[in-house]
Amino acid sequence: AAIRGELEEICADLKTKVAGTPPVTVAHLFVTDWAACAGLTPAGTYGPAPITPGEVKKLSALDPALVLENLHMAGSGEAFSVPAAQRFCISSGPV
C-alpha cells in the first residue's frame, strides 16, 4: 500500500509538471507507462531493439517537444536526437 501511495504521488507530480497542452512526446517502449502516468500519450515509440534509420526519420518527422528515454537501455536516446526536444531519462526498474 505504501508503494502504491508513493507511485500515485509521483504520477500527480508528473501531471503537474506537464499541465496544460500536452507536448508531442516520443518515448522508449519500456517507459510508456510513465508517460501515461503523466497524462501523456506518446505520438511515437522506439525500442527495445536498437533504433533504425527509418525509425529515426519517422520519429523526427513527429517534431517531438519531449523525448522520454530509458535509463537502462544504454544509448537508447543517443541514436535518436531532436535538438529542440526536452529529454528525460526514466528508470523502467530498480536502479
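About the thresholds
- Residues numbered from 1 in each chain as written.
- Predicted model: local features only at pLDDT ≥ 70, side-chain atom pairs only at ≥ 80, totals over all residues.
- Heavy atoms only, no water.
- Disulfide = S-S within 2.5 Å.
- Helix = DSSP H or I, 4+ residues; strand = E, 2+ residues; numbered from the N terminus.
- Patch = residues over 30% accessible without salt bridge, like charges linked within 9 Å, V, L, I, M, F, W, Y side chains within 5 Å.
- Areas by Shrake-Rupley, 256 points an atom, 1.4 Å probe, with all protein chains shown as cover.
- Salt bridge = Lys/Arg side-chain N within 4 Å of Asp/Glu carboxyl O.
- Buried < 20%, exposed > 50% of the residue type's maximum accessible area, 1.4 Å probe, protein only.
- Pairing = 2+ DSSP bridges.
- Axes fitted to C-alpha atoms, helices over the stretch in contact; angles between N-to-C directions.
- Core = buried A, V, L, I, M, F, W, Y, C linked by side-chain atoms within 4.5 Å.
- Contact = heavy atoms within 4.5 Å.

Caption draft 1: Region of interest: the state of the cysteines. This structure, assessed with the given rule, holds 1 disulfide. With its sulfur 1.6 Å from that of its partner, C11 forms a disulfide with C37. Judged by the torsion about the S-S bond (-130 degrees), the C11/C37 disulfide is left-handed. Here C11 is found in helix α1 (residues 2-17), whereas its partner C37 is found in helix α2 (residues 32-37), with 26 residues between them in sequence.

Caption draft 2: Representation of a nonpolar patch on the surface. Together, I3, L7 and I10 give the surface a local cluster of nonpolar side chains, amounting to about 280 Å² of exposed area. Summarising the element assignment, L7 is placed in helix α1. By relative accessible area, L7 is classed as partly exposed at 39%.

Caption draft 3: Main features of the sheet that holds strand β3 (residues 66-70). As summarised here, the arrangement of the 4 strands in space is β2-β1-β3-β4, forming an open sheet in which the pairing is parallel. Of all the strands in the sheet, just β2 (44-46) and β4 (86-90) have a single pairing partner and so form its edges. Averaged over neighbouring strand pairs, the angle between their axes works out to 20 degrees when direction is ignored. Sheet topology places β3 next to β4; 5 bridges connect them, and they run parallel. Looking at β4, one finds that L68 is bridged to F88.

Caption draft 4: Representation of the pattern of salt bridges within the structure. Scanning the model with the defined rule gives 1 salt bridge in all. Of the charged contacts in the structure, one is a salt bridge between E69 and R87, with a shortest N-O distance of 2.5 Å. Of this pair, E69 sits in strand β3 while R87 sits in strand β4, and the two are 18 residues apart along the sequence. Accessibility expressed as a relative area gives 30% for R87, which makes it partly exposed.

Caption draft 5: View of the nonpolar core. Among the nonpolar cores identified, the biggest contains 8 residues, and these are A27, V31, A35, A38, L40, L66, L68 and I90. The contacts of I90, once residues within four sequence positions are left out, are V31, W34, L68, E69, N70 and L71.

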